[in-house]
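Architecture at a glance
If you want the building blocks of each chain, they are given just below.
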Amino acid sequence: MSVNVELKNDTSELSIKISGRFDFSVHQELRKATDKINSAVKRVIIDLRSTDYVDSSALGMLLVLRDKIGGDKQKVRIVNANSEVKKILEIASFDKLFTVA
Amino acid sequence: MNQAVKILVADDTRLQRMFLQEMLASEEVEVILACDGVEAVELFMQKKPDLCILDVIMPNLDGIGAAKKMISSLSADEYVPIVFITAQDNEETLERCIEAKADDFIVKPFNPTTLKAKINSLLKFKRLYEGQFQQKQELLAFQQIAEQEHDVAASIHEKIIHARFLETPNVRHFLSPMALFNGDIFLVAKTPGNQLHCLLGDFTGHGLSASIGASPTAEVFYGMVNKGFTGREILLEINKKLHSLLPVHMFLAATLVTLDPDSRFINVMACGLPDHYLLNKNSGKIEKIVSKNVPLGIVEDFDLQEQLFPASADDYLYLFTDGIIEAENKQGEQFDFKGIEDCLNTSEESVFDRMLQGQHQHCSGSEQQDDITLIEIQCDSENVPWRNLGEASQYKEITPLVWKSSMEFDLKTLQYVSPVPVMLNSIMEIQGLLKYSESIFMIISELFNNCVDHGLLGLDSKLKESAEGFGQYYKLREKRLLEREGSVKVIFSHLPVKNGGRLTIRMNDTGDGFDFQKQVSRFSENQDFHGRGIQLVNSLCESLEYSDNGTRVKAIFEWPYEG
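How each quantity is defined
Residues numbered from 1 in each chain as written. Chains lettered and ligands numbered in written order. Predicted model: local features only at pLDDT ≥ 70, side-chain atom pairs only at ≥ 80, totals over all residues. Heavy atoms only, no water. Helix = DSSP H or I, 4+ residues; strand = E, 2+ residues; numbered from the N terminus. Contact = heavy atoms within 4.5 Å. Areas by Shrake-Rupley, 256 points an atom, 1.4 Å probe, with all protein chains shown as cover. Buried < 20%, exposed > 50% of the residue type's maximum accessible area, 1.4 Å probe, protein only. Pairing = 2+ DSSP bridges. Right-handed = clockwise from strand over helix to strand, strands pointing away. Salt bridge = Lys/Arg side-chain N within 4 Å of Asp/Glu carboxyl O. Phe/Tyr/Trp six-rings, centres within 6.5 Å; stacked < 30°, edge-to-face > 60°. Lys NZ or Arg CZ within 6 Å of the ring centre and 35° of its normal. Axes fitted to C-alpha atoms, helices over the stretch in contact; angles between N-to-C directions. Patch = residues over 30% accessible without salt bridge, like charges linked within 9 Å, V, L, I, M, F, W, Y side chains within 5 Å.

The next subject is the overall build of chain B. A tally of helices and strands in chain B yields 16 helices and 20 strands. Counting only contacts in chain B whose residues sit at least 6 apart along the sequence, the fraction spanning at least 24 positions is 69%. Accessible area of chain B: about 27,400 Å², with a carbon and sulfur share of 49%.

We now examine the overall build of chain A. Scanning chain A from N- to C-terminus turns up three helices and six strands. Going from the N terminus to the C terminus, chain A shows its helices and strands as β-β-α-β-β-α-β-α-β. The buried share among the 101 residues of chain A stands at 45%. Pairs at least 24 residues apart make up 67% of the contacts formed inside chain A by residues separated by at least 6 positions.

Right, let's get into the pairing of strand S2 (residues 29-34) of chain B. Residues and elements named next belong to chain B. Note: strand S1 (residues 5-10) against S2, six bridges, orientation parallel. Bridged to Val5 within S2 is Val29. Running through helix H1 (residues 14-24), the crossover from S1 to the neighbouring parallel element S2 is right-handed.

Time to look at the interface of chain A and chain B. Interface size is commonly expressed as the accessible area that is lost once the parts come together. At the interface, 16 residues of chain A touch 17 residues of chain B. At the junction of chain A and chain B, the tally comes to one salt bridge. The closest approach of N and O atoms between Lys87(A) and Asp275(B), which form a salt bridge, is 3.0 Å. If you list the elements that add at least two residues to the side of chain A that touches chain B, you get helix H2 (56-68) and helix H3 (83-91) of chain A.

A few words now on the pairing of strand S13 (residues 307-310) of chain B. Residue and element names in this part refer to chain B. Burial along S13 is one-sided: the face carrying Gln307 and Phe309 is buried and the face carrying Leu308 and Pro310 is not. Of the pairings in the sheet, the one linking strand S10 (residues 265-271) to S13 comprises four bridges and is antiparallel in character. When the bridges of S13 are listed, Asn267 appears paired with Leu308.

Below, the discussion takes up the pattern of salt bridges. Tallied over the full model, the rule gives 18 salt bridges over all chains. For the salt bridge of Arg21(A) with Asp23(A), the shortest nitrogen-to-oxygen distance reads 3.3 Å. On the basis of relative accessibility, which here comes to 39%, the residue Arg21(A) falls in the partly exposed class. Each of Lys87(A), Asp275(B) and Lys288(B) takes part in a single network of salt bridges with overlapping partners.

What follows covers the packing of aromatic side chains. Counted according to the given criterion, the structure contains 14 aromatic pairs over all chains. Their ring planes at 85 degrees and their centres at 5.9 Å tell us that Phe409(B) and Phe448(B) sit as a pair that is edge-to-face. With Phe409(B) in strand S16 (residues 403-410) and Phe448(B) in helix H13 (residues 437-456), the pair connects residues that are 39 residues apart, well separated along the chain. The two residues Phe409(B) and Phe448(B) agree in class, both being buried. An aromatic cluster of at least three residues, connected via ring pairs, comprises Tyr79(B), Phe125(B), Tyr129(B) and Phe133(B). Cation over ring: Arg21(A) sits above Tyr53(A), and NZ or CZ is 4.2 Å from the ring centre. Positioned above the aromatic ring of Tyr316(B) is the side chain of Lys281(B), whose terminal nitrogen or guanidinium carbon lies 3.9 Å from the ring centre.

Residue and element names in this part refer to chain B. Here we have five strands laid out as an open sheet, ordered S16-S17-S18-S20-S19, and antiparallel in their pairing. Each edge of the sheet is formed by a strand with only one pairing partner; in this case those strands are S16 and strand S19 (543-547). Shown here is a sheet whose adjacent strand axes are inclined to one another by a mean of 15 degrees, direction ignored. Taken together, the nine bridges between strand S18 (residues 500-509) and strand S20 (residues 552-560) define a ladder with antiparallel strand orientation. Bridge assignment links Leu503 to a residue of S20, and that residue is Phe557.

Moving on, we come to a nonpolar patch on the surface. All names here are of chain B. Where nonpolar side chains cluster on the molecular surface, the patch consists of Ile398, Leu401 and Ile430 and spans about 190 Å² of accessible area. Following the sequence through the fold, Ile430 ends up in helix H12 (residues 419-431). Ile430 gets classed as partly exposed once you look at its relative accessible area, which sits at 33%.

A separate point is the sheet that holds strand S5 (residues 104-107) of chain B. Residue and element names in this part refer to chain B. An order of S2-S1-S3-S4-S5 is seen for the five strands of this open sheet, with the pairing classed as parallel. Sheet topology places S2 and S5 at the edges, where each strand pairs with a single neighbour. Adjacent strand axes in the sheet meet at a mean angle of 20 degrees when their direction is disregarded. Its contacts with the sheet place helix H2 (residues 37-47) against S1, S2 and strand S3 (51-55), and it is angled at close to 145 degrees to S2. Packed onto the sheet, helix H3 (residues 63-72) meets S1, S3 and strand S4 (82-86) and runs at close to 175 degrees relative to S4.

Okay, structure coming up:
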């Protein structure tokens, strides 16, 4: 489990990469990442390339991120989710709340 | 300044005692002297020293015997290091010292600095031991508190769920205690019009925080079902309530199922739970129902997608939360949707038992996760097994009074409010006819819906005969509700009559009228489902009359009163 957080494009984009299980165990790190969101940050990219599991507390953390940046669907992109993770996002209709690519 | 450290020194040689006292005594160290083993044990009990230095060979009781007595008198949280002093540097003596649980020994003649170093390190060790012991106790206490809170949460949660729960034979449910604690809820109730509503939900989070959300959910659910609101209205209200209440990261994944005996359809509003299965036991056909909505409490309002299916006694709906799917066996494999589907495909009589058993077998041997919620709803809209269930009302009816009340509803208004529960409640408030609320609900809702659907919106109930037509009917209804204009006026008047009261319900709409003969008066010969409603109304009323080309209707309902 690890969380990699980077500010890109002159700090306007926050990139968060989560490896392994995305569940309550990464909650501290994700909170720190969420705290990095300020008015300069225009977009958040959540890269789930190396994520093999998400649970409901992970969905909750995603909602907190979305809330912090203003609740705008366009501003939070969830990318590279594998098919199992995608299924969980679909069940929760998260494509209606986030841009899932 | 800390309390002085007490060191007990036991030696039968006076010179040795003097020497040790001289060496150890200081502002921080109090030295207690004993001249044999017996005195040493006595002083040990009295003065509670922090450390003992014992000569191995002493009269009356030797050092080893004294040490054994001292150690056996200590409780689990106490630790007093013991250092032996011996002149004999042989293996046998040293072994006896170790056997007596000596922490260290020193051979005469010894170097004072070595002894001081040993004492310091043993005292440090003692403080560490006691500190750790205390922490362990504190942790144990916290754990006990947490367990107590766990029990309280689970019991509150269970009470909330069971308090107004309607037990009906067509709904089977299994919720393990762990699942309850993990925030799973299941609520069942029926409306005055005999629609059965079942809500299965799974809160994010565990324990207390999850059970906090259960209370307002159950409150809204039972309150609104009793008043006859639709599933859609109930679900959106719960969503609104949870949205205002829950922190951002918490939500309720839920599905509301409404079984409607009038239309003989089942309406599934799925918001973020794992796929449901609708099995027809007669044909073996399995329909997978996938969630189409966001879980509740995330957004303030949303476009709720409903899914309608024809419902017969052969149709069984299976709902569950993610616990059963994620249940792992010894190899770490999940039961998964495949485990569920295998159970549906068996020819076993009870799929429900099969699922529970299958899940249990799958997990046997692995650490019990015990987080299972499984629901089976037999969609028996023909026999309506829940029709006569539920508590008899304790409500006392009021002596028949003279009153009149009227309301008018514009088509535009109907997009926002559901007038039938409002009308029913006003009658209950005035006359307290709770005992007859089912009948009155039935009459008002049937007549009002006829006024709106046929009179104002010009819909043909023939459409509702097929499954696709049913959906089409409601689409068309929604569309015309936006396009057309008009209103319905409703007048209730009540009078005392001999042995009871008479409630007269009049409705008239501004529409062009409709062929009420064709739409609603297929009383006896026609058994198809849209005709049944009005047939039932007719049987409940003293009289039922349509006039003015179907734009006016008058129904008279009488009730007995003994005073």
